[in-house]
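The residues making up each chain are set out below.
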Amino acid sequence: MIRLLLCLAATATALAQQVPRAQPVDENEAAPPPRPDPAADWYAHGKRLHDSAKASAIVDQKLDRYTQAISVLSRFIEEKPNDPNAEAAWWYLGESYYGCGRVDDARRCYHGIISRFGKGGFASAAAFRLAVDHFNNRQYALAAPLFEKMVAVSTAPDHRLKGLFYAAFSYELQGRTREATEYYRKVMTDPEPLNPFLSKTQLHLGKLLARAEKLDEALPLLDQAVMSRSPSDVRGPAAVEAGIVAAKLGQADVSDKYLMLVLNTAGMEAYRPDAQIALMNARYDSKQYGEVISIFLRSAEKAAGEQEARRLMVAAKSYMELERNVEALELFREVEKLMLPNNIHAFEANYLRVLCFYRIEGRHIPDQVDAFLDIYRKNRPRDPKIHTALLMKAETLMDERKPTEAAKVYNEIDATVLSPENRKGLLYKRATCSLASEDPAGAVRSFSEFITNYPDDPRAAEALMQRAQAYKTSGEPTKAIADFDQVITRDSTAEFTELAYLESAEIARQESNLEDMIARYEGFLMKFPGAVKSRKAKAHYWVAWGMTKKDRLKEAIPHAGTARELEHATYGKNAGALLALAHWTLQAPEALCEDVDTAIKEDFVDYLPEQLIDWAAMQAFSADRYEQSARFYGLIADEDEPRSTAKQTWRYLGKALLAAGKPKEALGPVNNALEVEDAAMWKADGLVDRAKALLGIGNVEGAAAALSECRALQPQGRTIAEVMIVNGDIHMKRNDPARAAIEYVSAIEQLDDNDRVLKPMALHKAALALDKKQDPSAAADYRMMLKTKYPEWKAP
């Protein structure tokens, strides 16, 4: 535009120098015979003063003669307003004013010519002079109507074409494309065969059409300008523009032809940087980034100013596309050096340099972004690049595990100015950051916006998952479960669906909604039989736990067993405890005793209530598994604080140890029971057990004393029978089988035949005592009685 402006100024000067003469416009008409004319001499004197002033190189003389000319011509016009030379006088008066610097007076004269004299050379020149004055002051809206006026008042074809062209150009510079196009077309369709503005018009109209994406219409016009005999300042830019248009039309070879013409034609050197840039842009647009670099490196010539910045920018962006960020960085720095900070190329170069740093390594990105913002943020607060740079900074801080700092940066970003893809990323990452920085409410807002605006985004399911976590954290379990249910319904990926089942079930558990929890875990197990063991084990365990709580014990047992089997290290103890509780509640003694032994072996017996262990111990005792019974009772007996343990526990612990053949170990529990026992019956029973224990460890006299103490309590029934049997054992120890046999027989007579523990024992011991007494016949009778009545009994 600068070159065109200079041309226009030169044209205005030339036209002013070639103003029509004062004679009538029809110069072919014969001149009248000379005759004295004082008015003509007066006018001629004023014109000579003007011409002399114009020709003078001495400033003071020039101004003095212009002033004299103004005086003479002003008086002439005042006295002779209708003289044939009046129009010319007005013109030279205006020129004289102009020469003195009295521009407003000059304009008044030019407007006077247009309004007073209508069509003609002076009117055309006056209109042009006024138009050029406005044009050179960039007052294109004022210039355009005056160029139109020039067209209206001119009688010469070259004046008309000049007015049409510059009216079009003025409208173009205003951005009024429709009016500019209309006037350019008038230039092209003008009937004048010698049209000096035709090629220029083809260039300008071609550019306008190209800008309007009317490429098919633009290219032929530009081609005509290129092929014309116009100077290089028309053919050169026309060839560059034609190359650009051809490239957009996909005509790469044609584009190269035009651009190479500029690069290889003498006289077009001024347009070679534009041609090279156009070649590079064409390759860049077709994603031939390597070719862009080749063209860039082929030319050692540098352009100047903004052209060089554009050339470097295309090359640098090509390096970026090729992931050669280091080379790109250097070129972006060159652009920043060339341009002032407020220049658009400097701004973009600085931004892309930050982006290169971001791609290479993110450690220094926060500092780089801050430096970029210090320069440009104030004047470009809503520019997408400003907010994209902030996005880079925020993401870098997140990568550095600084969510609180990142959250502050995310909150500075205006999502509405970002590209759609970056806007999506912002909403998602800002939400994730809010969640990480313990701002669940902020996370919910951002995730909600993301989910609402981008429901089909591949990250939508993950966004729902994370929003559910945010709801959970902020104490809104119902909303959290609703989000997890959306994920389950979408069934987007197995991973998210599995997690949605598991997480929602966990919330249901925390909310004590056990039936819902069970249903969710069972849904997971049904839908994902091939899930990893840890997840299946978790589901099975909590189903068992929930069912146990809901008294669905038979259903709970297989789930607890499966959980223990799948992940023994994690759920072995807890699942084992659930199994024990279920078997206890269901009164399944055999299974429960196995559970308690497992608890002892795997060190989770503390998980079991004492009542459960006590019941298991009694069941083991009743099943004659005395060692097991003793083991269980030992878990709930407190040796350090005997009185804190139930006396029944001490009693049966002692009995179990005695039955297991451990009299020494039994003595302590038996004594502990006796110390707290008040009931005579149970005290007598305990004294019998003490006698057995003492006898078992060889303390015959102590055993006898315990029995004496027992007899003093006058025991009855089975207890007195036991006293007899133990007394018999004492006599056997004293090698007195006769008295022993008497005690055993007395016990036999005391006991009911339905007693399948003591009576067969008494029969067996009686036979042994009689054998030792040398009474085999009597011994045989007792053995026969034992075999007949208790055929399944076996001696201990």
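Quantities reported herein were computed from a predicted structural model and do not represent experimental measurements.

Calculation notes
Residues numbered from 1 in each chain as written. Predicted model: local features only at pLDDT ≥ 70, side-chain atom pairs only at ≥ 80, totals over all residues. Heavy atoms only, no water. Helix = DSSP H or I, 4+ residues; strand = E, 2+ residues; numbered from the N terminus. Rg over C-alpha atoms; globule rule 2.2 N^0.38 Å. Buried < 20%, exposed > 50% of the residue type's maximum accessible area, 1.4 Å probe, protein only. Lys, Arg positive; Asp, Glu negative; His and termini not counted. Charge placed at Lys NZ, Arg CZ, Asp CG, Glu CD. pLDDT = per-residue confidence, 0-100. Contact = heavy atoms within 4.5 Å. Axes fitted to C-alpha atoms, helices over the stretch in contact; angles between N-to-C directions. Parallel < 35°, antiparallel > 145°, perpendicular 65-115°, else oblique. Left-handed = near helix turned anticlockwise from the far one by under 90°. Nonpolar A, V, L, I, M, F, W, Y, C, P; charged D, E, K, R; others polar. Salt bridge = Lys/Arg side-chain N within 4 Å of Asp/Glu carboxyl O. Core = buried A, V, L, I, M, F, W, Y, C linked by side-chain atoms within 4.5 Å. Expected span 1.5 Å × (residues − 1). Arc of directions from axis to C-beta. Polar contact = N/O pair within 3.5 Å; in protein donor to acceptor, adjacent residues only side chain to side chain. Phe/Tyr/Trp six-rings, centres within 6.5 Å; stacked < 30°, edge-to-face > 60°.

(A) Main features of the overall build of the chain. Check the secondary structure of the chain and you find 41 helices and zero strands. Relative to a compact globule of 796 residues, whose C-alpha radius of gyration would be 28 Å, the chain shows 57 Å and is clearly more extended. If one aligns the C-alpha atoms of the chain with their principal axes, the spans along those axes are about 195 × 50 × 40 Å. Going through the 796 residues of the chain one by one, you find that 50% of them count as buried. Charge separation in the chain, taken as the distance between the mean sites of 104 positive and 114 negative side-chain charges, equals 4 Å.

(B) Quick peek at the confidence of the model for the chain. When pLDDT is averaged along the chain, the result is 88, and 95% of the positions lie at 70 or above. Here residues 1-31 is a poorly scored stretch, pLDDT under 50, and it has 45 contacts once near neighbours within four places are set aside; other chains count.

(C) Structural detail: the packing of helix α2 (residues 38-55) against helix α3 (residues 59-79). One can describe the packing of α2 onto α3 by two numbers: an axis separation of 8 Å at closest approach and a directional angle of 155°. In terms of their interaxial angle, α2 and α3 are classed as roughly antiparallel. In this structure, α2 meets α3 at a crossing whose hand is left-handed. Judged by residue contacts, A39, W42, Y43, H45, G46, K47, L49, H50, S52, A53 and K54 of α2 engage K62, R65, Y66, Q68, A69, V72, L73, R75, F76 and E79 from α3. Here the residues of the contact of α2 with α3 sort into ten nonpolar, five polar and six charged.

(D) Seen up close, the pattern of salt bridges. Scanning the model with the defined rule gives 55 salt bridges in all. One salt bridge in this structure joins K393 and D370, with 2.7 Å as the shortest N-O distance. On the criterion of sequence distance, the pair formed by K393 in helix α20 (residues 384-399) and D370 in helix α19 (residues 365-376) is long-range, its members being 23 residues apart. Overlapping salt bridges bring together E421, K424, D457 and R459 as one network.

(E) Spatial organisation of the environment of R520. One can find R520 in helix α27 (residues 514-527). Looking at R520, the relative accessible area reads 11%, which means it is buried. Not counting the four nearest positions on each side in its chain, R520 is found in contact with I481, D485, I488, Y501, S504 and A505.

(F) Examining the nonpolar core more closely. In this structure, W91, F147, Y184, F332, F372 and Y410 are the most contacted members of the largest nonpolar core, which totals 127 residues. The dominant element in this core, judged by the number of residues it contributes, is helix α6 (residues 121-136), at ten residues. Core analysis: the next-biggest nonpolar cluster, separate from the first, contains 72 residues, A599, I636, I720 and A779 among them.

(G) Quick look at the environment of I636. With respect to the helices and strands, the residue I636 is situated in helix α33 (residues 626-636). Accessibility expressed as a relative area gives 10% for I636, which makes it buried. Sequence separation of I636 and D614 is 22 residues, and the distance between their C-alpha atoms is 7.5 Å. If near-sequence neighbours (up to four positions away) are discounted, I636 is found in contact with E610, I613, D614, T645 and T649.

(H) Broad picture of the packing of helix α31 (residues 589-602) against α33. Between α31 and α33, the least distance of the axes is 11 Å, while the angle of their chain directions is 60°. The angle between the axes of α31 and α33 places the two elements in the oblique class. You can see that α31 and α33 cross each other, and the crossing is left-handed. On α33, the residues touching C593, V596, D597 and I600 of α31 are Q628, R631, F632 and L635. The residue makeup of the contact of α31 with α33, split by class, is five nonpolar, one polar and two charged.

(I) Main features of helix α13 (residues 252-264). The end-to-end C-alpha distance of α13, which contains 13 residues, comes to 18 Å, matching closely the 18 Å that a straight helix rising 1.5 Å per residue would cover. Along α13, the residues classified as buried are S255, D256, Y258, L259 and V262. Here the buried residues of α13 occupy an arc of 165° about the axis, which is enough to place them on one side. For α13, the exposed residues lying more than 90 degrees away from the buried face are D253 and N264.

(J) Looking closely at unusual backbone geometry. The backbone of R401 sits at a positive phi, close to 60°, despite the residue not being glycine. By secondary structure assignment, the location of R401 is in the loop between α20 and α21 (403-410). Judged by its relative accessible area of 74%, R401 falls in the exposed class.

(K) Representation of helix α9 (residues 177-189) within the structure. A rise of 1.5 Å per residue sets the reference length of α9, with its 13 residues, at 18 Å; its end C-alpha atoms lie 18 Å apart and thus fit the reference within 8%. Every buried residue of α9 is accounted for by E179, A180, T181, Y183, Y184 and V187. Against the buried residues of α9 lie α7 (140-153), α8 (157-174) and α10 (198-211).

(L) The side chain of N325, seen in detail. With respect to the helices, strands and loops of the structure, N325 is situated in helix α17 (residues 325-338). Separated by 3.5 Å, the side chains of N325 and R359 make a polar contact. For N325, the residues in contact, after removing those within four places along its chain, are Y319, M320, C356, R359 and I360.

(M) Quick look at the packing of aromatic side chains. Taken as a whole and assessed by the stated rule, the structure comprises 33 aromatic pairs. Ring centres of W91 and F122 lie 6.3 Å apart, and the angle between their planes is 45°; this geometry places the pair in the tilted category. Of this pair, W91 sits in helix α4 (residues 86-100) while F122 is found in helix α6, placing the two residues 31 residues apart along the sequence. Both residues of the pair, W91 and F122, belong to the buried class. Between F165 and F169 the ring centres are 6.2 Å apart and the planes differ by 35°, which places this aromatic pair in the tilted class. Separated by four residues within a single helix, F165 and F169 lie in helix α8, roughly one turn from each other. Judged by its relative accessible area of 0%, F165 is buried.

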